[in-house]
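Descriptive analysis of the structure
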Amino acid sequence: MSEELSSEPPPSAEAQVRHATEADLPRIVELLAQLSLDESREELGPPLPETCRRAFQQIQADPNQRLLVAEAGGRVVGTASLLIVPNLSHRGRPYAIVENVVVDATERGAGYGELLLRYAMEEARRAGCYKLSLTSNKRRTDAHRFYGRLGFQATHEGFRVEF
């Protein structure tokens, strides 16, 4: 671990990363709303949109997806999605993508994001992935510095089409 990383306060000893359960779903959607740069993107409810429940069930049924939560003191303080993608290049080794990384705004800087991403990195290694990629909005400069401290490099220019 680099010295720069060790200067960040470690998360409390009781913090853990685990796979999300359906009971975590309202809190996960609440966290994702904090991440949103587009105010209309997430609906908090109540009630929680049925589309969220269906999506959660599909994620749970897919062995290549992991919806992760960081929990501290019995409370979900962060979340991330990990996808393992089968692949034909790199001698058939899969790659991984992490998305929707968010830590509660009141808990940022306490090490929970690092805990989540290190867990995702280890899961990707265990799955035999040759890389773990993520994208981040260009306006999230603090997040970019954070990802850089964890060893992520800005190697590509991203493009997308909205539907």
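Residues numbered from 1 in each chain as written. Predicted model: local features only at pLDDT ≥ 70, side-chain atom pairs only at ≥ 80, totals over all residues. Heavy atoms only, no water.

A word on the nonpolar core
- Ala 96, Val 98, Tyr 112, Leu 117, Leu 132 and Tyr 147 are the most contacted members of the largest nonpolar core, which has 26 residues in total.
- At the level of secondary structure, the elements contributing two or more residues to this core comprise β2 (65–72), β3 (75–85), β4 (95–103), α5 (112–126) and α6 (141–149).
- The greatest single-element share of this core, amounting to six residues, is contributed by α5.
- Listed in part, the 15 residues of the second largest apolar core include Ile 28, Leu 31, Val 69 and Val 102. (Core = buried A, V, L, I, M, F, W, Y, C linked by side-chain atoms within 4.5 Å. Buried < 20%, exposed > 50% of the residue type's maximum accessible area, 1.4 Å probe, protein only. Helix = DSSP H or I, 4+ residues; strand = E, 2+ residues; numbered from the N terminus.)

Points about the environment of Lys 131
- Secondary-structure assignment places Lys 131 in the loop between α5 and β5 (132–134).
- The exposure class assigned to Lys 131 is partly exposed, which follows from its relative accessible area of 36%.
- Taking the C-alpha atoms as reference points, Lys 131 and Met 121, 10 residues apart in sequence, are found 8.9 Å from one another.
- Contact partners of Lys 131, with chain neighbours within four places excluded, come to Tyr 95 and Ala 96. (Contact = heavy atoms within 4.5 Å.)

What to know about the sheet that holds β4
- A sheet is described by the order of its strands in space; here five strands give the open sequence β1-β2-β3-β4-β5, paired in mixed fashion. Edge positions in the sheet fall to β1 (16–19) and β5, since each of these pairs with one other strand and no more. Here the strands of the sheet are splayed against their neighbours by 30° on average, with no regard to which way each runs.
- Bridge count between β1 and β2: four bridges; the pairing is antiparallel. (Pairing = 2+ DSSP bridges. Axes fitted to C-alpha atoms, helices over the stretch in contact; angles between N-to-C directions.)

Quick notes on the packing of aromatic side chains
- Enumeration over the complete set of coordinates arrives at two aromatic pairs.
- For the ring pair Phe 146 and Tyr 147, a centre distance of 5.5 Å and an interplane angle of 50° mean the geometry is tilted. Across this residue pair, the class does not change: Phe 146 and Tyr 147 are buried.
- Aromatic pair Tyr 147 and Phe 152: ring centres 6.0 Å apart, planes at 65°, arrangement edge-to-face. In this pair, the class of Tyr 147 matches that of Phe 152, namely buried.
- Put simply, the rings of Phe 146, Tyr 147 and Phe 152 pair up and form one aromatic cluster.
- If you follow Lys 131 out to its NZ or CZ, it ends over the ring of Tyr 95, 5.5 Å from the centre. (Phe/Tyr/Trp six-rings, centres within 6.5 Å; stacked < 30°, edge-to-face > 60°. Lys NZ or Arg CZ within 6 Å of the ring centre and 35° of its normal.)

A look at α6
- By the burial criterion, the buried members of α6 are Ala 143, Phe 146 and Tyr 147. The buried residues of α6 occupy an angular sector of 95° when the element is viewed end-on, so they sit on one face.
- Of the surrounding elements, those touching the buried residues of α6 are β4, α5 and β5.
- Phi turns positive, to about 105°, at Gly 151, one or two residues after α6. (Arc of directions from axis to C-beta.)

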